[in-house]
Amino acid sequence: MRSLRTGSTLASLLTGVAMLGGLLLAAPVAQAADAPLRDLAAAKGKVIGTAVTGSKLTGTYGEIAAREFNALTPGNAMKWESVEPARGSFNWAEADRIVAFAEANGQEVRGHTLVWHSQNPGWLTNGTWTAAQLRQLMTDHIATEVGRYKGRLATWDVVNEPFNEDGTYRQTLWYNGLGADYIAQALTAARAADPSAKLYINDYNVEGVNAKSTALYNLVKSLKERGVPIDGVGLQAHLILGQVPSTLQQNIQRFADLGVDVAITELDIRINLPADSAELAQQATEYKQVVSACVAVARCVGVTVWGFTDSDSWIPDTFPGQGAATPYDENFAPKPAYHAIAEALGGTTTPPTGACKATYSVVSQWNSGFTGQVRIACDGASLSSWKATWAYGAGQRISQSWNATCTQSGAAVSCSNASYNGTVPNGGSVTFGFNASWSGSNPVPVVTLG
Ligand code: G3I
């Protein structure tokens, strides 16, 4: 599949230009789009991943997930409460879907997560278990889930979030029932179930050198000394704007020096809403800092963002009033952070400035039809009227439009502003939508703004 994809580089690059929505009005020629992030990362031998929601992997969300990333982490689909909500009754649908999508697109999968204190099913957390029963439940769960995907997953977050902020062990179902050795037992069971998967311990607030990361460091050191299978540490990196730890690279390096891999597993950088352009620029600088720290350390295998679009981020639900934490906005337009990741991976694109751009996206799609939208946004420029044109490459036909007058002749589509939305001020945007038919495939066209 990877070679197929490489074989259509021009087509996918053109698609990339459309998806990035970056056609400049101010300049006569559109700025060349960089290669997708996954190609930049691969050239450096690194992983660039994203957490995903399985049910969303169609339309524009699916196209960006496939085009830009070479690794996927199921955001929730592989957690215990998702896969075994009732004891002995399994639901693998979303997890299977994500693994199949990744395989179809030449992406690796990071399994997340096997042994955690959160998102466990009620039957497990409400039960009364002897230590022997609890150990059996844990090792059976690992054998079942890791075994199901044996040979197909690159990595497992075997144990998630075992520490408190002060470096003591978190009091959980597992620690309280089995003692600290549950960690070694879980890793050993995972190795037995899939000898080819890299096995990680993953935690948050362990990005810089501090009490918690030092506890993790000491644990990994002692596991290595005991011969317990441990291949890597995951630094989640749920960061707050302005708070990238200054010791990030030093901390990555000290873990690497223990002889394990390191991955940034859940990167996002949250901002108090609404985020202004200065904050988005600062966020970009900080994304670049984090990715660059990983690029600088040979044993840092890569970076995964915890959702690539603000429309699929956990932040606004958990931290009301905060958000804008990911590299794409809610309309799938790349933010400065996207370009900063590209730069850290060796790309050269700088974000377009002083221009208006059109972003085409498929909002929803069913067997014979779809709803699309085009968003025209200006930053450093403005419009008093507009016309968006594109050519459909696969026989799509528009049947209805709103907030624009659209005509179609053969493949050529032309949409002009309605009487009430021709003006797009500097810093503003307008959106129009349409319904259309499709069959076979529904590729995203290149939109020209004129
Ligand atoms: O699926 C139900 C849905 O049916 C229901 O209508 C809705 C109502 O609230 O809830 C939905 O479940 C939510 C689930 O995400 C799926 O969207 C849960 O309430 C919500 O608590 C859950 O949040 C997840 C969170 O882990 C739970 O701790 C986030 O999506 C997920 O991104 C987040 O991921 C964790 C990592 O696994 C570990 N590191 C921290 C990270 C952020 O918390």
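Before reading further, recall that the structure is shown in the block above.
Counting from 1, residues in each chain are numbered in the order their sequence is written. Only residues with pLDDT of at least 70 are given local features in this predicted model, and only at 80 or more are side-chain atom pairs given and counted; all residues enter the totals for whole chains, interfaces and linings. Water and hydrogen atoms play no part in the side-chain values, which are based on all heavy atoms of the structure.

## Some remarks on the packing of helix α12 (residues 248–256) against helix α13 (residues 277–295)
The relative placement of two packed helices is expressed as an angle between their axes plus a distance between the axes.
Then, number 1: Fitting a line to C-alpha atoms yields each axis, with helices limited to the stretch in contact; the angle taken between N-to-C directions then spans 0 to 180 degrees. Elements are defined by DSSP. Helices are runs of H or I of four residues or more, strands are runs of E of two residues or more, and each kind is numbered from the N terminus. Packing of α12 against α13 brings their axes to within 9 Å, and their N-to-C directions diverge by 30°. The angle between α12 and α13 falls in the class roughly parallel. The interaxial crossing formed by α12 with α13 has right-handed handedness. For the pair α12 and α13, the contacting residues are Leu248, Gln249 and Ile252 in the first and Val290, Ala293 and Cys294 in the second.
Then, number 2: For this scheme, ten residues count as nonpolar: Ala, Val, Leu, Ile, Met, Phe, Trp, Tyr, Cys and Pro. Four count as charged, namely Asp, Glu, Lys and Arg, and the remainder, Gly too, count as polar. A per-class count over the contact of α12 with α13 returns five nonpolar, one polar and no charged. Note on terminology: angles under 35 degrees are roughly parallel, angles over 145 are roughly antiparallel, angles of 65 to 115 are roughly perpendicular, and the others are oblique. Crossings are sorted by hand: turned counterclockwise from the far helix by less than a right angle, the near helix makes the crossing left-handed, and turned clockwise it makes it right-handed. Note on definitions: a residue-residue contact is assigned when non-hydrogen atoms from the two residues lie within 4.5 Å.

## Overview of the nonpolar core
Then, number 1: Here, nonpolar core refers to any group of buried Ala, Val, Leu, Ile, Met, Phe, Trp, Tyr and Cys residues whose side-chain atoms link them within 4.5 Å. The buried label applies to any residue whose accessible area, calculated with a 1.4 Å probe on protein chains only, is under 20% of its type's maximum; exposed applies above 50%, and partly exposed to all values in between. Membership of the largest hydrophobic core comes to 97 residues, with the highest contact counts inside it found for Trp156, Ile264 and Leu267.
Then, number 2: At eight residues, the largest contribution of residues to this core is made by helix α10 (residues 182–193).
Then, number 3: Aside from chain neighbours lying at most four places away, what touches leucine 267 is Gln236, Ala237, Leu239, Tyr287, Val290, Val303, Thr304, Val305 and Trp306.
Then, number 4: Ala404, Val424, Ala436 and Leu449 belong to the second largest nonpolar core, which has 27 residues in total.

## Section: the state of the cysteines
Then, number 1: For this text, the term disulfide refers to a pair of cysteine sulfurs within 2.5 Å. Tallying each qualifying case throughout the model produces three disulfides.
Then, number 2: Put simply, cysteine 294 and cysteine 300 are joined by a disulfide, and their sulfur atoms are 2.1 Å apart. A torsion of -105° about the S-S bond marks the disulfide between cysteine 294 and cysteine 300 as left-handed.
Then, number 3: In this structure cysteine 294 comes out as buried when scored by relative accessible area, which is 1%.
Then, number 4: Residue cysteine 300 is classed as buried on the basis of its relative accessible area of 0%.
Then, number 5: Once the bonded cysteines of the chain are numbered in order along the sequence, the disulfide links fall as 1-2, 3-4, 5-6.

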